[in-house]
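Breakdown of the fold
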Amino acid sequence: MMAAPLLKTSGLNAWYGESHVLHGVDIEIAEGELITLLGRNGAGRTTTLRAIMGMVSRRTGSVTIRGREFIDVADHRIAPLGGIGYCPEERGIFASLNVEENLMLPPSVGKDGMSLDEIYRMFPNLKEVRKRMGTRLSGGEQQMLAIARILRTGAKLLLLDEITEGLAPVIVKALGEAIMRLKAQGYTIVLVEQNFRFAAPLADRHYVIEHGRVIDRIEGGDVAASMDRLNHYLSV
Amino acid sequence: MLKLLLAQGMLGLNNGVFYAMMSLGLAVIFGLLNVVNFAHGALYMLGAFVALILYSYVGLWFGMSGFHIGFWPALILTPIIVGGFGILIERFLLRWLYKFDPIYSLLLTFGVTLVLQGLFVNIFSASGTPYPGMPDALKGVVNLGFMMFPKFRLFAIVFSLIVCLIVWYVIERTKVGALLRAGTENPELVKAFGVNVPLMVTLTFGFGTGLAGLAGVLAAPIYSVSPLMGADLIIIIFAVVVIGGMGSIMGAVVSGIALGLIEGVTKVFYAPAANTVIFFLMVVVLLVRPSGLFGREG
C-alpha cells in the first residue's frame with residue numbers, strides 16, 4: 001500500500017472546445033514518488049497534465065492535491081495553491097525574454113526554491129548563456145531552462161512533459177541524472193515520456209494511457225516481467 | 001531651404017511624438033489582448049475633452065465659476081480618468097469577446113468610438129473649442145536658432161519622448177515588463193505559472209488607453225478640442241502600427257516619430273503629398289516586409 005497521495009485524479013474528464021479528450025483518468029502519486037504516463041501520441045498524456053493545470057476548456061471529475069479539491073480552482077491559482085511546477089511539451093521558453101528573465105519569470109509557489117546559484121550549479125550551461133535571448137538556445141539548453149525555472153519557484157510537485165524529445169543522447173543522459181537528483185531530494189515528479197528506456201529506471205510506477213483513459217498500471221519492479229505487454233501498448 | 005526643412009522637421013517631430021505615444025498604447029494592447037482598439041482615437045479625444053471639462057466646466061458644476069482645474073493637474077488626472085474608462089470597457093464589454101474572432105472586438109471598439117463621438121458632438125457641437133488652460137509657464141516661443149518654436153510644443157515633444165522612454169524601459173527591462181512580454185507570447189503558460197493574466201489584461205488595457213488620454217491632454221492646447229479630432233488621427237496611427245509591426249513596442253515608437261518627421265519634410269517638397277505619404281509607405285512596407293519593420297516574422 002502506498003502513503004496518502006500527494007496528487008490524485010479520479011474520473012478526470014477534459015475537453016478542448018467541443019472535443020472530449022479525457023474520459024476518466026485515475027492516477028495517484030505519493031510524496032517523493034516518480035510516475036510516468038506512457039502511451040501513444042494523442043492518447044491523452046499531455047492533456048492529463050494540462051487538465052491538472054486547468055489548461056483545457058473544461059474539466060470534470062476530481063483533482064486533489066494534499067487532500068484539497070482543485071477541480072473548481074481558477075487556473076491561475078492552481079500552481080501557487082498546489083505548489084506545482086509545470087514544464088510544457090514545447091518547453092514554453094519565451095523568445096522575447098533572455099535566459100535570466102525566463103528563469104525569474106514564474107512567481108514563487110513554495111518555500112525554499114532553488115537560488116540562481118544552485119540552479120547554475122545544477123545546469124552550468126545556463127550560466128554561460130544567461131544573457132542570451134530565449135530563442136537563441138539549443139534544444140538542450142531550452143529544456144534545462146524550462147526545468148530550472150520551475151525549480152526556482154519552490155514547486156515540489158513537478159509535471160514534466162516529454163523532456164527528452166528531440167534531444168541528443170548525451171543531453172538525455174544528463175537530464176536523467178538531474179531527475180534522479182531531484183527525486184533523491186524529495187521532489188514528486190509526474191513524467192510524460194515517449195522514451196521508455198529513459199523512464200523505466202527512474203519510475204516507481206507507470207500508467208499506460210489510451211483513448212483518454214488509464215488502461216494499465218505497472219509497478220516499477222514489475223517492468224521486466226511486463227515488457228511484452230508494454231511493447232504491445234506502445235507499438236505503433 | 002535648410003531652415004525650412006528644420007522648421008517642418010520640428011513640427012513633424014511634434015506630430016511624430018503624438019503618433020508614437022498613441023501607437024505605443026495600441027501596440028501594448030494588441031500585443032497582450034490581440035485586440036485592435038479602434039476606440040483609441042476616441043479615447044484620445046476623450047482625454048482632450050476631460051482636460052477641457054476639468055478647466056472650464058467642473059467649477060461651474062459646483063457653482064464656483066472662478067474655479068479651474070488647470071493643465072498640470074489635468075496632465076495627471078486625465079490619464080487616470082481615461083484609463084479608468086478603458087478598464088470599464090475591457091472589464092464589461094471586451095472581456096466577453098476574447099473567445100470569438102478578433103474582428104468582433106474591433107467592431108465593438110468601433111461602436112464605442114461612434115457612441116463617444118456622437119455624445120460629444122451632441123453636447124459640445126462638432127466644431128472645435130479652444131483649450132483655455134495653457135499654463136503661463138509654457139506660453140510664448142523659444143528661439144531654436146533656425147526658427148521661433150512655441151514653448152508648449154517643445155514641452156509636448158520632450159515630455160512625450162520621456163514618457164515613451166519610460167514605457168520602453170519598463171516593458172523591456174523590468175520584471176513587470178517581462179511578465180507582459182511573456183503574457184504576449186503565451187498567456188496560457190503564464191497563467192499556469194500562477195499569474196493572474198485576466199487582471200494583467202485589464203490593467204494593460206487601462207494603461208494603453210491612459211496613454212491615449214495623456215496624448216489627448218497634450219494635444220488640447222495645440223489643436224482645438226473637437227469630437228472628431230480622434231477620427232482623423234486613428235487612421236494614421238493604424239498605418240504607423242502596421243509599418244512598425246503589430247505589437248512591437250520599439251516599432252511603434254520609432255516609426256511614429258519617423259513618420260511624423262517624414263510627413264513634415266514632405267510638406268517642404270510637395271505639400272499635397274504630406275497627408276498620403278504615410279499610407280504610401282504603409283503599402284511599400286506591406287509589400288516588402290508584411291510583418292512590419294520591427295515585427296517578428298511569422
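None of the values given here were measured: they were computed from a predicted structure. (Residues numbered from 1 in each chain as written. Chains lettered and ligands numbered in written order. Predicted model: local features only at pLDDT ≥ 70, side-chain atom pairs only at ≥ 80, totals over all residues.)

1. Describing the overall build of chain B
Per the secondary structure count, chain B includes 12 helices and two strands. When its helices and strands are written in sequence order, chain B yields α-α-α-α-α-β-β-α-α-α-α-α-α-α. Over its C-alpha trace chain B gives a radius of gyration of 19 Å, about what one expects of a compact globule, namely 19 Å for 298 residues. Judged by the C-alpha coordinates and their principal axes, chain B covers about 55 × 55 × 35 Å. Here chain B, with 298 residues, has 50% of them falling under the buried criterion. (Helix = DSSP H or I, 4+ residues; strand = E, 2+ residues; numbered from the N terminus. Rg over C-alpha atoms; globule rule 2.2 N^0.38 Å. Buried ≥ 20, exposed ≤ 12 C-beta atoms within 10 Å, placed from the backbone.)

2. Overview of the overall build of chain A
Looking only at helices and strands, chain A features nine helices and 10 strands. Taking 2.2 N^0.38 as the reference for a compact globule, 236 residues should give roughly 18 Å; the C-alpha atoms of chain A span a radius of gyration of 17 Å, in line with that estimate. Across the 236 residues in chain A, those meeting the buried criterion constitute 45%. By sequence separation, contacts in chain A at least 24 residues apart represent 71% of the contacts at least 6 residues apart. (Contact = placed C-beta atoms within 7 Å.)

3. Re the interface of chain A and chain B
With 19 residues of chain A at the interface, the matching set in chain B holds 16 residues. Listed by contribution, the elements that provide at least two residues to the side of chain A that touches chain B are α2 (75–82) and α3 (99–104) of chain A. No other element matches the four residues that α2 of chain A contributes to the side of chain A that touches chain B.

4. Remarks on unusual backbone geometry
Trans peptide bonds make up the majority, and among non-glycine residues the majority have a negative phi. Residues and elements named next belong to chain A. With a phi angle near 50°, E162 is a residue other than glycine that sits in the positive phi range. Structurally, E162 is set in the loop between β7 (157–161) and α7 (169–184). Among the residues examined, E162 registers 22 C-beta atoms within 10 Å and is labelled buried.

5. Quick look at the nonpolar core
All names here are of chain B. Within the largest apolar cluster, 159 residues are counted, with the highest numbers of intra-cluster contacts made by L24 and A48. Ranked by residue count, the leading element in this core is helix α1 (residues 2–33), at 15 residues. Leave out the neighbours within four places in its chain, and A48 touches G216, V217, A219, A220, V225 and M229. (Core = buried A, V, L, I, M, F, W, Y, C linked by C-beta atoms within 7 Å.)

6. Re the sheet that holds strand β10 (residues 213–219) of chain A
Residue and element names in this part refer to chain A. Judged by pairing direction, the sheet is mixed, and its six strands sit side by side in the order β6-β7-β8-β3-β9-β10 without closing on themselves. Sheet topology places β6 (84–87) and β10 at the edges, where each strand pairs with a single neighbour. Neighbouring strand axes in the sheet, compared pairwise and without regard to direction, differ in orientation by 15° on average. Examined bridge by bridge, β7 and strand β8 (residues 188–192) share five bridges and lie parallel to one another. From the neighbouring strand, L159 faces β8, where its bridge partner is V190. Contacts from helix α6 (residues 139–152) reach β6 and β7, with the element oriented near 170° to β6. (Pairing = 2+ DSSP bridges. Axes fitted to C-alpha atoms, helices over the stretch in contact; angles between N-to-C directions.)

7. Overview of the packing of helix α6 (residues 151–173) of chain B against helix α11 (residues 249–270) of chain B
Residues and elements named next belong to chain B. The contact between α6 and α11 brings their axes to 10 Å, and the two run at 165°. Here α11 runs roughly antiparallel to α6, going by the angle between their axes. As for how α6 packs across α11, the hand of that crossing is left-handed. On the side of α6, the interface is formed by C164, W168 and I171, while α11 contributes I249, M250 and V253. Considering only residue class, the contact of α6 with α11 consists of six nonpolar, no polar and no charged. (Parallel < 35°, antiparallel > 145°, perpendicular 65-115°, else oblique. Left-handed = near helix turned anticlockwise from the far one by under 90°. Nonpolar A, V, L, I, M, F, W, Y, C, P; charged D, E, K, R; others polar.)

8. Points about the pairing of strand β3 (residues 34–38) of chain A
Residue and element names in this part refer to chain A. β3 sits mainly inside the fold: five of its five residues count as buried. A two-sided burial pattern is seen for β3, the buried positions comprising L34, T36 and L38 on one face and I35 and L37 on the other. Across four bridges, β3 lies against β8 in parallel orientation. Across the sheet, residue I35 finds its bridge partner in β8, namely V190. Sheet topology places β3 next to strand β9 (residues 205–210); four bridges connect them, and they run parallel. Paired with L37 across the strands is Y207, a residue of β9.

9. Some remarks on the sheet that holds strand β1 (residues 5–16) of chain A
Residue and element names in this part refer to chain A. One open sheet holds the four strands; their spatial order is β2-β1-β4-β5, and the pairing between them is antiparallel. Strands with a single pairing partner mark the edges of an open sheet, and in this sheet they are β2 (19–30) and β5 (68–69). Relative to strand β4 (residues 58–65), β1 is paired through seven bridges, and the arrangement is antiparallel. Pairing of L7 across the sheet is with I65, part of β4. Contacts from helix α1 (residues 45–52) reach β1, β2 and β4 within the one sheet, and its direction differs from that of β2 by about 75°.

10. Notes on the environment of G83 of chain A
Residues and elements named next belong to chain A. Residue placement: G83 occurs in the loop between α2 and β6. Considering only alpha carbons, one finds G83 and S19, 64 residues apart in sequence, at a separation of 29 Å. Excluding anything up to four places from it in sequence, G83 contacts V109, G110, A155, K156 and L157.

11. Regarding the packing of α6 of chain B against helix α7 (residues 175–185) of chain B
All names here are of chain B. As a packed pair, α6 and α7 sit with axes 5 Å apart at the nearest point and diverge in direction by 75°. Put simply, α6 runs roughly perpendicular to α7. Counted together, V170, I171, E172 and R173 of α6 and V176, G177, L180 and R181 of α7 form the full contact between these two elements.

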